[in-house]
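Observations on chain architecture
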Amino acid sequence: MKKLHVLLAFTFIFIFCSTQAFADTWEIRSIDLKRAIPNDTNPPERLEPVTNLAPLDSSEGIIRRVKLREPEKKLAALTFDMCELETITTGCDMKILTFLREKNIPATLFMGGKWMRTHSQRVKEIMASEIFEIANHNWSHGNCALLSERDLKNQILWTQAQFEILREELLRENPDLNPDSVQRIPKLFRLPYGRNSEKSLRIIANLGLRIIQWDVAAENGDNSKISRAKKSARLVASMTRPGSILLFHANLVPKGSDVLLREVVRELEAKNYAFVTVSELLEAGIPETTRSGYFTKPGDNIALDKKFGIDGTGRRAKAKRKK
């Protein structure tokens, strides 16, 4: 009997420690901060993914929200952009990820391929968590309205390849993990800056990715103060409808997104909303689409073309000197 008690005690300690060790990986670390990791401008180890998606019809355009077959269910999708430019590294907002995980709230994370490589360990932890869906957000946030066809394809395919590289690492490092429980390849894409051209719509569709925009841009500056976050959350909740797709960021830009998220979730749960991934939302209804991306109204993002350079990755064209 005493041996049984000892065995049970050791079993409990092992399970507890294992759980704690896993939980501790979600604690904030110094490498999660902005610019904590040196910038790497090299392409990924593999330039094309092994898994290629079947081409799609570009006539669908850009999905902004979903018209639900059963709107009384009040479903909405929380989405988070996690990206960085060619010229810098950004952070990983573990306050957001930990909150979603603790509350068991599904979310779709639109990751840049370069950001994936910068935060490779975090990405593998996210892959192993079944509540998160990972989607493509270009390699280094290249502007789809400005990139050449070759550069746009590179931005997309490099990201798909980087995802596969990290998935392979995860499965090698965890041989007991069921491969079927880990997402195989991203099938959704988000336009950096919300910018596109008709040509880019055809290219992206031909690579087999559906383009997901949003109908509620949740962030509106620094929401780190609770009073501002509460006010912003009430506005976000008033704009959300059944089938809405909400835009947040989880790369520590802008400030206070974690505070805002908590308040938005509180407001929407009080209105009986349930949260699903974008793919689950698409299964629940018919997409509402446009042919051109924007933040809150058509044309409100065009000025970003000049701000972030000819290729949208932070490199500005050099001004010609006056003679």
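For the structure itself, consult the block above.
Residues numbered from 1 in each chain as written. Predicted model: local features only at pLDDT ≥ 70, side-chain atom pairs only at ≥ 80, totals over all residues. Heavy atoms only, no water.

Considering only enclosed or pocket space, the largest pocket measures out at about 670 Å³ in volume. Along its surface, the largest pocket is lined by 30 residues, and His141, Tyr193, His249, Val253 and Phe308 are the ones closest to its centre. Sorting the residues of the lining of the largest pocket by element identifies strand E8 (244-249) and helix H10 (304-307) as the ones contributing at least two each. Within the lining of the largest pocket, the residues separate by chemical class into 15 nonpolar, 9 polar and 6 charged. Of the pockets and cavities examined, the second largest pocket occupies roughly 350 Å³. Lining the second largest pocket are 21 residues, and of these Phe132, Glu133, Ile134, Val182 and Gln183 sit closest to its centre. Within the residue set of the lining of the second largest pocket, elements represented by two or more residues are helix H4 (120-127), strand E4 (132-136) and helix H9 (278-283). (1 Å grid on protein atoms, 1.4 Å probe; cavity = no way out; pocket = protein on both sides within 12 Å on 5 of 7 lines; lining within 4 Å. Points joined across faces, edges and corners; volume = space filled by probe spheres on them. Helix = DSSP H or I, 4+ residues; strand = E, 2+ residues; numbered from the N terminus. Nonpolar A, V, L, I, M, F, W, Y, C, P; charged D, E, K, R; others polar.)

For the rest of this paragraph, the subject is the packing of helix H7 (residues 226-239) against helix H8 (residues 257-270). Relative to each other, H7 and H8 sit at 45°, their axes nearing to 8 Å. In this view, H7 runs oblique relative to H8, as classed from their interaxial angle. The element H7 and its partner H8 pack so that their crossing is right-handed. Along its contact with H7, which presents Ile226, Ala229, Lys230, Ser232, Ala233, Arg234, Val236 and Ala237, the element H8 presents Val259, Leu260, Glu263, Val264, Glu267 and Leu268. (Axes fitted to C-alpha atoms, helices over the stretch in contact; angles between N-to-C directions. Parallel < 35°, antiparallel > 145°, perpendicular 65-115°, else oblique. Left-handed = near helix turned anticlockwise from the far one by under 90°. Contact = heavy atoms within 4.5 Å.)

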